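# Survey of secondary and tertiary structure
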Amino acid sequence: MSILADRESRLLIDGKLVAGSSGTFATINPATEETLGVAADASADDMGAAIGAARRSFDESDWSTDVELRVRCIRQLQEAMRTHVEELRELTISEVGAPRMLTAAAQLEGPVDDLSFCADTAESYQWSSDLGIASPMGIKTHRTVAREAIGVVGAITPWNFPHQINLAKIGPALAAGNTLVLKPAPDTPWAAAVLGELIVEHTDFPAGVVNIVTSSDHGVGALLSKDARVDMVSFTGSTNTGRAVMADSAATLKKVFLELGGKSAFVILDDADLAGACSMAAFTASMHAGQGCAITTRLLVPRARYDEAVEAAAATMGGLKPGDPTKPGTICGPVISARQRDRIQSYLDSAIAEGGRFACGGGRPADRDTGFFIEPTVIAGLDNSAKVAREEIFGPVLTVIAHDGDDDAVRIANDSPFGLSGTVFSPDAERANAVAARLRVGTVNINGGVWYSADMPFGGYKQSGIGREMGLAGFEEYLEIKAIATAAG
Ligand code: NAD
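From a predicted model like this one, the values you see are computed outputs, not experimental measurements. Residue numbering note: each chain is counted from 1, following its sequence as written. Whole-chain, interface and lining totals are the exception, using all residues; otherwise, since this is a predicted model, local features are given only for residues with pLDDT of at least 70 and side-chain atom pairs are given and counted only at 80 or more. Calculation of side-chain values draws on the structure's entire complement of heavy atoms; hydrogens and water are dropped beforehand.

Domain segmentation is taken from an automatic or database assignment of domains. By domain assignment, the chain separates into domain 1 (2-260 + 464-486) and domain 2 (265-446). Of note, the centres of domain 1 and domain 2, computed from C-alpha atoms alone, are 31 Å apart. As a working definition, buried area equals the accessible area (1.4 Å probe) given up by two parts on being put together, with both sides summed. Roughly 2000 Å² of surface becomes buried between domain 1 and domain 2 when both sides are summed, with 64% attributable to carbon and sulfur atoms. In what follows, salt bridge is the name for a side-chain nitrogen of Lys or Arg lying within 4 Å of a carboxyl oxygen of Asp or Glu. At the surface where domain 1 touches domain 2, the tally comes to zero salt bridges. Within 3.5 Å is the distance limit for a polar contact, defined as a pair of N or O atoms, with the added protein rule that one can donate a hydrogen and the other accept it, and that residues adjacent in sequence qualify only through two side-chain atoms. Across the contact surface, domain 1 and domain 2 share nine residue pairs in polar contact (both at pLDDT 80 or more). Helix numbers and strand numbers start at the N terminus; a helix is a DSSP run of H or I with at least 4 residues, a strand a run of E with at least 2. Counting residues per element, the side of domain 1 that touches domain 2 draws most heavily on helix α3 (residues 85-96), at three residues. Nonpolar residues are Ala, Val, Leu, Ile, Met, Phe, Trp, Tyr, Cys and Pro. Charged residues are Asp, Glu, Lys and Arg, and all others, Gly as well, are polar. By residue class, the composition of the side of domain 1 that touches domain 2 is twelve nonpolar, seven polar and five charged.

The UniProt entry lists residues 19-484 under the feature "domain: Aldehyde dehydrogenase" (unreviewed entry), expressed in the numbering used here. For residues 19-484, the helix share is 39%, the strand share is 21%, and the end-to-end C-alpha distance is 45 Å. UniProt positions are given in the numbering used here, feature names are shortened, and annotations may be inferred rather than shown by experiment.

All right, on to the packing of aromatic side chains then. Pairing of aromatic side chains requires ring centres within 6.5 Å, counting the rings of Phe and Tyr and the six-membered ring of Trp. Pairs whose planes differ by under 30 degrees are stacked, by over 60 edge-to-face, and all others tilted. In total, this model carries eight aromatic pairs according to the counting rule given. Taking the centre distance of 5.2 Å and the plane angle of 15 degrees together, the rings of Phe-266 and Phe-425 count as stacked. Separated by 159 residues along the polypeptide, Phe-266 in strand β12 (residues 264-268) and Phe-425 in strand β18 (residues 421-425) bring together distant segments of the chain. Here the two residues Phe-266 and Phe-425 agree in accessibility, since each one is buried. Residues Trp-451 and Phe-458 carry aromatic rings whose centres are separated by 5.3 Å and whose planes lie at 15 degrees to one another, so their mutual orientation is stacked. When sorted by exposure, Trp-451 lands in the same class as Phe-458, which is buried. Here the aromatic cluster, defined as three or more aromatic residues joined through ring pairs, consists of Tyr-125, Trp-127 and Phe-475. Against the face of Phe-373 rests Arg-368, its NZ or CZ located 4.7 Å from the ring centre. Three exposure classes are used, based on accessible area relative to the maximum for each residue type with a 1.4 Å probe and protein chains only: buried under 20%, partly exposed in between, and exposed over 50%. Think of it as a cone above the ring: NZ of Lys or CZ of Arg counts as a charge over the ring if it is within 6 Å of the ring centre and within 35 degrees of the ring normal.

Let us look at the site of the ligand. In the neighbourhood of the ligand, 28 residues make up the surrounding shell, with Lys-183, His-218, Ser-238, Leu-260 and Glu-392 lying closest. In the model, an oxygen atom of the ligand is placed 3.4 Å from a nitrogen or oxygen of the Ala-185 main chain. Within the backbone of Gly-237, one N or O atom sits 3.4 Å away from an oxygen atom of the ligand. Residue exposure ignores everything except the shown protein chains as possible cover, and the areas themselves are Shrake-Rupley values with a 1.4 Å probe. Here the ligand, which alone exposes 850 Å², has 90% of that area covered by the protein. One heavy atom suffices: a residue is near a molecule or strand as soon as one of its heavy atoms comes within 4 Å of it.

By secondary structure assignment, the location of Trp-451 is in the loop between β19 (443-446) and β20 (461-462). When neighbours within four sequence positions are excluded, Trp-451 is seen to be in contact with Ala-294, Ser-421, Thr-443, Val-444, Asn-445, Met-456 and Phe-458. Contact definition: two residues touch when any of their heavy atoms are within 4.5 Å.

Quick look at the environment of Gly-395 now. Structurally, Gly-395 can be placed in the loop between α12 (387-390) and β16 (397-403). Taking relative accessible area as the criterion, Gly-395 reaches 3% and is therefore assigned buried. Spatially, the C-alpha atom of Gly-395 lies 9.2 Å from that of Gln-345, the residues being 50 residues apart in sequence. Leave out the neighbours within four places in its chain, and Gly-395 touches Ala-285, Ala-289, Gly-290 and Ile-344.

Written as structure tokens, this is what we have:
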């Protein structure tokens, strides 16, 4: 199979690769604005067929109880992705605009490796625990707690790290025994559709267990939330869409698992190496053009050293020119679309309108007239009430905000509707830990520690989401709990 040649991707429905009933839609290279090819455009009927197939295979096959088959299929998918990794890399760079260096990590190889964790967890998981005999209400009873799959999972994903997010849902949901319909973002259909091809050609997944439905119409994804045959929706995307998913799911009271937006703080305490920490914050905010939900986009620095911090951040960020993602040294590539670029620009304009200034960047790079590029930008002169400090921009933009000590830094960091991630820098471990403990967020980096790994749960407090992805907690999101009481005579 050649992944890049002759690309007109298909849907995977009930074990077959099929065309979309609504025709096709284009997928665009965000670095060049060229049309790469087309993807199958699913209609509501196609989605209905995919849900029906997932429902049937859950209800009528032994998929949910055959752990050995599930583990084998997941390992086969992993192997197929590894075999085709170089083609997948080129696809990811061209469709997502992902810098090449990130494909060795979270943009491709990392999530493929992480499938091992899902298969290993299913293999070693204690599916049932024996609570022994007791006599509740005087009746001698043998009690067991069993864990079993929820049923049909609808997985809805965004475009920024498509492999990471697709696989962080597919892996645990299938390992836990569910069947699934994946609906990827219209901006990155191929990253998902290619999984369908690999599944059909290289794995023993029974028909209907995995269905992949690409569509240009967001409404087709919304059917997953509305359809009574779907037991759970696992959604990653913006907070506003997460609200719509939750509202749509309310009618059938299905479980919703939400990984949403963020506006995370990078807190530098007054005893830290200011220049080094600012430089790290600037580098992080520029990576993949800032299109990461957990990127720390508010830099909180001691007020007495505010100007110095702005200068240090701008020195790093100003040097990270947006570039060709195919080049090995590029850190900041394009953003995904003209719409996103224009949205980021409107945030930059709002910063000036509110009295802020750009310490570097501030708009589209003068030397790039094609591609959806935005210069890494440091915004200074605003406080935490500014629009750029409150809303998720999803671009290479860092807002520097002054704090008046540890308590004030915690207050500002937590003064956000979001609660996804945070960073604390201080050489004093006790102080750093005390601040980290008070941050209302799902992941914390202290002095450069990395929380992203297959066995670490990831997710948000507050309006950053509900539930956890990855780790054991991420696997257990996809399980129901059944308490079984047997009269013991
Ligand atoms: P989005 O919310 O616009 O779209 C996400 C997905 O939802 C897409 O597949 C889209 O087609 C689908 N969708 C849109 N409307 C829908 C509806 N009414 N019902 C069901 N599905 C619908 O997000 P995006 O612009 O693709 O991605 C960027 C956002 O994702 C950012 O806000 C970012 O923070 C967030 N994100 C969060 C995490 C996390 O784990 N917390 C990870 C990555 C991205």
